[in-house]
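# Descriptive analysis of the structure
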Amino acid sequence: MKDIADCRLYGILDLGYCDREKLVAMAREMIAGDIDIIQLRAKNHAPEDILAMGREILPVTRDAGIPFIINDHPEIAAELESDGVHVGQDDPSMGMVRRIVGDDMLVGRSTHSLAHAHDGAAEEADYIGFGPLFATPTKPDYTPIGTEDIAAVHREYPELPIFCIGGVKKENLPEILAAGARRVVIVSGILQAPDVPGYIREVKAALLG
């Protein structure tokens with residue numbers, strides 16, 4: 001399984017952009033493009049439905065050695081035995097999440113400021129999402145934080161994998177990288193691309209170049 005420290009491009013199977021019946025096919029396309037990590041985000045879906053989706057996707061990611069993350073639901077991640085769970089600022093403490101999923105599972109935390117990043121590092125999250133950098137339909141209730149603090153958060157936490165998120169696309173990637181980003185999350189840009197593997201390869205080339 002790929003180590004989180006080696007992951008640069010984080011893709012999300014978001015049910016807001018990807019139909020339920022296309023999840024596995026989309027996961028395969030993302031893997032074909034050399035995605036580094038995949039999360040399932042199924043807002044407003046019943047836990048039993050999320051578990052069923054996860055059971056379909058997990059064998060595909062396991063075969064490829066790609067970490068598979070469940071969004072928001074530590075109990076589902078534990079039952080599925082996924083590779084990780086991602087929780088938000090309003091979700092339970094890291095201690096509580098760890099009690100549910102154990103010490104071996106990856107736990108990521110969403111952060112929306114330098115103060116949040118400090119908290120995420122202090123509670124020993126395995127990685128953090130930092131954003132939203134720009135306005136995005138997937139996070140309509142969050143005020144964009146822009147790119148000004150990207151360099152600072154990397155400077156303060158050089159060993160912590162930090163994935164910049166929120167309105168990130170291939171088109172604005174140069175600006176984000178110039179601001180100091182090393183890792184990014186892309187959602188709609190990937191899921192709506194006419195050529196998903198090609199899109200991912202271009203982004204990976206920029207991240208690694």
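Residues numbered from 1 in each chain as written. Predicted model: local features only at pLDDT ≥ 70, side-chain atom pairs only at ≥ 80, totals over all residues. Heavy atoms only, no water.

### Considerations on the overall build of the protein
Within the protein, the regular secondary structure consists of 9 helices and 8 strands. Taken along its principal axes, the extent of the C-alpha atoms in the protein is 40 × 40 × 30 Å. Put simply, the protein has 209 residues, and 53% of those count as buried. Per element, the accessible surface of the protein, about 9,300 Å² overall, is 48% carbon and sulfur. Looking at the protein, you have 20 positive and 34 negative side-chain charges, and the mean spots of the two groups are 3 Å apart. (Helix = DSSP H or I, 4+ residues; strand = E, 2+ residues; numbered from the N terminus. Buried < 20%, exposed > 50% of the residue type's maximum accessible area, 1.4 Å probe, protein only. Areas by Shrake-Rupley, 256 points an atom, 1.4 Å probe, with all protein chains shown as cover. Lys, Arg positive; Asp, Glu negative; His and termini not counted. Charge placed at Lys NZ, Arg CZ, Asp CG, Glu CD.)

### Regarding the environment of Thr 61
Within the secondary structure, Thr 61 is located in helix 2 (residues 47-64). Owing to a relative accessible area of 0%, Thr 61 belongs among the buried residues under this scheme. In the structure, Thr 61 is positioned 21 residues away from Ser 82 in sequence and 9.9 Å away in space, judged by C-alpha atoms. Other than its neighbours up to four places away in sequence, Thr 61 contacts Ile 31, Ile 38, Ile 66 and Phe 68. (Contact = heavy atoms within 4.5 Å.)

### Some remarks on the sheet that holds strand 4 (residues 84-87)
Spatial strand order, 1-2-3-4-5-6-7-8: 8 strands in a closed barrel with parallel pairing. Going across the sheet, the axis of each strand differs from the next one's by a mean of 25°, ignoring polarity. Direction of pairing for strand 4 relative to strand 5 (residues 106-111): parallel, over a ladder of 4 bridges. Across the sheet, residue Val 85 finds its bridge partner in strand 5, namely Val 107. Lying over the sheet, helix 1 (residues 23-32) contacts strand 1 (9-14) and strand 2 (37-41), oriented at roughly 170° with respect to strand 1. This element, helix 4 (residues 94-101), spans strand 4 and strand 5 of the sheet and lies at about 150° to strand 5. (Pairing = 2+ DSSP bridges. Axes fitted to C-alpha atoms, helices over the stretch in contact; angles between N-to-C directions.)

### Examining the packing of helix 1 against helix 2
Here helix 1 crosses helix 2 at 20°, and the two axes come no closer than 9 Å. Taken together, helix 1 and helix 2 sit at an angle that is classed as roughly parallel. Relative to helix 2, the crossing made by helix 1 is right-handed. Of the residues in helix 2, those touching helix 1 at Leu 23, Val 24, Ala 27, Arg 28 and Ile 31 are Met 53, Glu 56, Ile 57, Val 60, Thr 61 and Ala 64. The class makeup of the residues in the contact of helix 1 with helix 2 is 8 nonpolar, 1 polar and 2 charged. (Parallel < 35°, antiparallel > 145°, perpendicular 65-115°, else oblique. Left-handed = near helix turned anticlockwise from the far one by under 90°. Nonpolar A, V, L, I, M, F, W, Y, C, P; charged D, E, K, R; others polar.)

### Points about the pattern of salt bridges
All chains considered together, the criterion is met by 12 salt bridges. Its salt-bridge partner being Lys 204, residue Asp 36 comes within 3.2 Å of it at the nearest N-O pair. Here Asp 36, found in the loop between helix 1 and strand 2, pairs with Lys 204, found in helix 9 (residues 196-208); they are 168 residues apart in sequence, far enough to count as distant. Of the two residues, Asp 36 and Lys 204, neither departs from the other in class, the shared state being buried. The salt bridge partner of Glu 123 is Arg 109, with a shortest N-O separation of 2.7 Å. Here Glu 123, found in the loop between helix 5 (114-122) and strand 6 (127-130), pairs with Arg 109, found in strand 5; they are 14 residues apart in sequence, far enough to count as distant. (Salt bridge = Lys/Arg side-chain N within 4 Å of Asp/Glu carboxyl O.)

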